[in-house]
Amino acid sequence: MGNSMKGRWTYTFWKEVRVRLKGIWVEPSYYVTQILSGHGNFKEKLKSFGLVEEDKCKCGRKETTQHILEECDRWKEERAEFLKEKSSIHKYLISKEWFTNLVNFANKVMLKKEEEDLLEEDREDSD
Ligand SMILES: [Zn+2]
């Protein structure tokens, strides 16, 4: 995906999600909402609000929604269960099964991320 697409993808995606979710599928969880909307616990977003100084993921690359969902090696294991190959993000909206996979991934990964961030804060406090 080129850089020009990156700013737009979340908006387009979220707009479509909201339409598709109307009544047909599972309730979006707290975590999947963060991923779908792009408004959540992502360094790039937090930095844009001035909440953190670094927008880097622990792996060294910029931590965006898409990075976590499709790129970051830290979540390879979790991703392997449902994302065998890179393809359009829209595939998660094609069926309830795919969307459920996305919800499961989001719940697992975002929870782990939260726990890691808390541990990091603890370590910083004790220094
Ligand atoms: Zn990463």
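Structural data are supplied above this passage.
An account of the accompanying structure is given in this report. On a predicted model such as this, the values are computed, not experimentally measured, just so you know. (Residues numbered from 1 in each chain as written. Predicted model: local features only at pLDDT ≥ 70, side-chain atom pairs only at ≥ 80, totals over all residues.)

**Observations concerning the overall build of the protein**
Put simply, the rule reads: In this description a helix means any DSSP run of H or I spanning at least four residues, a strand means any run of E spanning at least two, and both kinds are numbered starting from the N terminus. The burial label depends on the number of other C-beta atoms within 10 Å of a residue's C-beta. Counts of 20 or more mean buried, 12 or fewer mean exposed, and intermediate counts mean partly exposed, with C-beta atoms placed from the backbone. A residue pair is marked as a contact if its C-beta atoms, positioned from the backbone, fall within 7 Å.
Check the secondary structure of the protein and you find six helices and zero strands. Order of helices (α) and strands (β) in the protein, N terminus to C terminus: α-α-α-α-α-α. Residues counted as buried form 22% of the 127 residues belonging to the protein. Intrachain contacts of the protein at a sequence separation of at least 6 include 46% that bridge at least 24 residues.

**Regarding helix α2 (residues 30–37)**
The periodicity of an α-helix, 3.6 residues per turn, causes residues three or four positions apart to be oriented the same way. Burial in α2 covers these residues: Tyr31, Val32, Gln34, Ile35 and Leu36. Following α2 by one or two positions, Gly38 adopts a phi angle in the positive range, close to 80°.

**Points about the nonpolar core**
Put simply, the rule reads: Each nonpolar core reported here comprises buried Ala, Val, Leu, Ile, Met, Phe, Trp, Tyr and Cys residues connected via C-beta atoms within 7 Å.
Core analysis: the biggest nonpolar cluster contains 15 residues, and Tyr31, Val32, Ile35, Leu102, Val103, Ala106 and Val109 have the highest contact counts within it. Only α2 and α6 (96–126) provide two or more residues apiece to this core. For this core, the leading source of residues is α6, giving seven residues.

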